[in-house]
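So the chains spell out like this:
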Amino acid sequence: MDLSQVYREHYRSLVRFLYRRIGDQARAEDLAQEAFVRALEHEPEKPRAWLFTVAANLARDEGRRASVRRRHLTLIKAEAEARSPEPGPEVALERRETVRRVQAALARLAGRDREALLLWEEGFSYDEIAEVLGLSRGSIGTTLARARTRLAAVFDELKSEGSDEDVAY
Amino acid sequence: MSHIDEGTLHSYLDGEVSERQRTEIAGHLATCEECRTRLEAAEALSGRAAELLAELEPGTVQPPSWREIEERAAARRHAAPRPVRLRPRLAWAASIALAFAVGWASQAYFVRMPASEVGVVGALEADRSQAPQLRQRGAVEPGEAQPEAARQEQLRASEPDMTAIQPRAKVTPEEEAATEVAGRAPEGAPAQRLRDQPAELAEQDRAAEPADELVVVEAPAIVAGIEVAREEAQPQAAVPVDRAAPQPAAHAFEAERALAERRDAEAKSTGFVELPATDAALWLGKEPRTLPELTLERVEVGPGAALEGAQPGLPAIRLVYEDAAGNEIILTQQWLGGGFDAFAETAPAMTVEPSGHRAYRWLDDQGYLLILEGNVSGDSLRALAERLR
């Protein structure tokens, strides 16, 4: 398949996948572009699966760096805050809280479970998920069931606690 | 059929079971209320998970043109190889190994050299004591052994006071004082001797210099294993008196070794190691940006992977400065060039630690990714950023 076509069709999906993994859109776009640059170098036979595999690895590396960074730094990005159109302070606050809890809940999933869930949400079939994650096809249903259950449970738990837990990928 | 397991229920809901499985599951669900309830719960759970993930929707995504991606890949393919690939620790090991090899070669050269050329070089106690061992190692042809020994004997009989030659190695005032105590020529004697001695002796004196360097290279602490082998082959008494005394160059090697150990420790903890300031451009691939108004304390190199937003495959240079108030100001940089500017964040960003340590990061118009940090105000960092050269 022509990579430029893959780019047109799947770039946004790849950015979303990465954004859900690392929680930073600018970095997600950087990493998605990096994945496509690497795809041009390697010319994979199955570019979509290859791209998401590379993206998952990049996100894991990013997560490791972010985890080190988080111990020391609190990121201030006034520019990003300023350009977010907010409907109102209360609604905006509530939405931010929801997003933060989903991120925190997602971060609490096991790596494979999280990636399987995110790949499924990006339209990957069980066969493709199995290929990307190196799992057997027969285990994907169980993996997704576990991921969905835990995601919802942790989200509810965080909501009831009113936790302001930091996201830890 | 027993109850349907959770994984199969989700596979069924996701449409990821075969036709045969679908028929079997549907048949079971028609007769099992418990599994129907579980199926409804699984369906709700699946929908809930999708809703939650939908909250994590990125903002507007504007992909760069495909041509831009292609150009970036092409730039990476054609990027010139970095001039320096050797890791600093390996470079130090290589330097020491090279120094030893040069010293060894010099030793072999002087041992093999005919006395007519060497003059009084062989009179150096260190060389005398090592020559037989070198023959044993095959450095000298068997046929030459006896004439060489005879020449050494002649030289020994006619040699002048060679202690006057030894201080030509780099000597500190403290070493000169020690020289006097040891009964050597008094201070100033070497210069006087060079003026007074015949030209031939001066030539011999110059030729003796590499042998002095050999003593340095063979400092026991540096090449302990080799030294042990030599100690076994030569009597302790044959070791020159001067070798027992502190050697300034040996101290230098000790200092270098200590520095190398410190670098290793630093590398393990931060990923950055110190390097000579003159090497910064080699690692960076371009002249580093500097803060000429501040005092440069040291220069370090480390992996880009250790830095947020940096290219993991490229090294990063860290210039550590001290400002007038004694604050440590660190300028970390990576030259991304034209091929990578779209990869890095271009908008300046300020980060702050709870301790007040701030970092200001930006990509300048020449392709440098720059991070300026220190325990100073954000305004100070921005002001310093404007003074970069």
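Remember, predicted model here, so these are calculated numbers, not experimental data.

Observations concerning the overall build of chain B
From N to C terminus, chain B includes 17 helices and seven strands. Burial statistics for chain B: of 389 residues in total, 42% are counted as buried. A separation of at least 24 residues holds for 61% of the contacts in chain B among residues at least 6 apart in sequence. Split by element, the accessible area of chain B, about 20,200 Å² in all, is 55% carbon and sulfur.

Focus: the side chain of Ser-11 of chain B
Note that Ser-11 of chain B resides in helix α1 (residues 6-13). Beyond its immediate stretch of four places on either side in the chain, Ser-11 of chain B contacts Tyr-126 and Gly-141 of chain A together with Glu-16 and Val-17 of chain B.

Quick notes on unusual backbone geometry
One non-glycine residue, Glu-43 of chain A, lies in positive phi territory at about 45°. Inspection of the secondary structure puts Glu-43 of chain A in the loop between α2 (25-42) and α3 (47-70).

Some points on the packing of aromatic side chains
Between two aromatic rings, the relevant description is the distance of the centres plus the angle of the planes. On inspection of all chains with the given rule, the structure shows nine aromatic pairs over all chains. Aromatic pair Phe-36 of chain A and Trp-66 of chain B: ring centres 6.2 Å apart, planes at 85°, arrangement edge-to-face. Residue Phe-36 of chain A is found in helix α2, and its partner Trp-66 of chain B is found in helix α4 (residues 66-78); the two belong to separate chains. In this pair, the class of Phe-36 of chain A matches that of Trp-66 of chain B, namely buried. The structure contains a cluster of three or more aromatic residues connected by ring pairs, namely Tyr-7, Tyr-11 and Phe-36 of chain A together with Trp-66 of chain B.

With respect to the nonpolar core
With 58 residues, the main nonpolar core has Leu-14, Phe-17, Leu-18, Phe-36, Leu-119, Ile-129 and Leu-151 of chain A as its most contacted residues. Counting residues per element, this core draws most heavily on helix α1 (residues 3-22) of chain A, at 10 residues. By size, the runner-up hydrophobic cluster in this structure holds 25 residues, among which are Leu-284, Val-299, Met-350 and Leu-381 of chain B.

A closer look at the packing of α1 of chain A against α2 of chain A
Residue and element names in this part refer to chain A. Where α1 contacts α2, the two axes come as close as 8 Å, and the packing angle between them is 140°. Judged by the angle between their axes, α1 and α2 are oblique. In terms of crossing hand, the pair formed by α1 and α2 is right-handed. Along the contact surface, α1 presents Leu-3, Val-6, Tyr-7, Tyr-11, Leu-14, Val-15, Leu-18, Tyr-19 and Ile-22, while α2 presents Gln-25, Arg-27, Ala-28, Glu-29, Leu-31, Ala-32, Gln-33, Ala-35, Phe-36, Ala-39 and Leu-40. Residues of the contact of α1 with α2, tallied by class, amount to 16 nonpolar, two polar and two charged.

Quick word on the interface of chain B and chain A
Chain B puts 46 residues into the contact, and the matching count from chain A is 53 residues. Across the chain B to chain A interface the summed buried area is about 4,700 Å²; carbon plus sulfur atoms make up 59%. Contact with chain A buries surface across chain B, with Leu-53, Leu-56 and Trp-66 of chain B losing the most and accounting together for 16% of the total. Viewed at the interface, chain A and chain B are joined by eight salt bridges. Linking Arg-137 of chain A and Glu-16 of chain B is a salt bridge whose minimum nitrogen-to-oxygen distance equals 2.8 Å. Counting across the chain B and chain A interface gives 17 residue pairs in polar contact (both at pLDDT 80 or more). Put simply, the parts of the chain that give the side of chain B that touches chain A at least two residues each are α1, α3 (33-54), α4 and β5 (349-352) of chain B.

Rules behind the numbers
- Residues numbered from 1 in each chain as written.
- Chains lettered and ligands numbered in written order.
- Predicted model: local features only at pLDDT ≥ 70, side-chain atom pairs only at ≥ 80, totals over all residues.
- Heavy atoms only, no water.
- Helix = DSSP H or I, 4+ residues; strand = E, 2+ residues; numbered from the N terminus.
- Buried < 20%, exposed > 50% of the residue type's maximum accessible area, 1.4 Å probe, protein only.
- Contact = heavy atoms within 4.5 Å.
- Areas by Shrake-Rupley, 256 points an atom, 1.4 Å probe, with all protein chains shown as cover.
- Phe/Tyr/Trp six-rings, centres within 6.5 Å; stacked < 30°, edge-to-face > 60°.
- Core = buried A, V, L, I, M, F, W, Y, C linked by side-chain atoms within 4.5 Å.
- Axes fitted to C-alpha atoms, helices over the stretch in contact; angles between N-to-C directions.
- Parallel < 35°, antiparallel > 145°, perpendicular 65-115°, else oblique.
- Left-handed = near helix turned anticlockwise from the far one by under 90°.
- Nonpolar A, V, L, I, M, F, W, Y, C, P; charged D, E, K, R; others polar.
- Buried area = accessible area lost by both parts, 1.4 Å probe.
- Salt bridge = Lys/Arg side-chain N within 4 Å of Asp/Glu carboxyl O.
- Polar contact = N/O pair within 3.5 Å; in protein donor to acceptor, adjacent residues only side chain to side chain.

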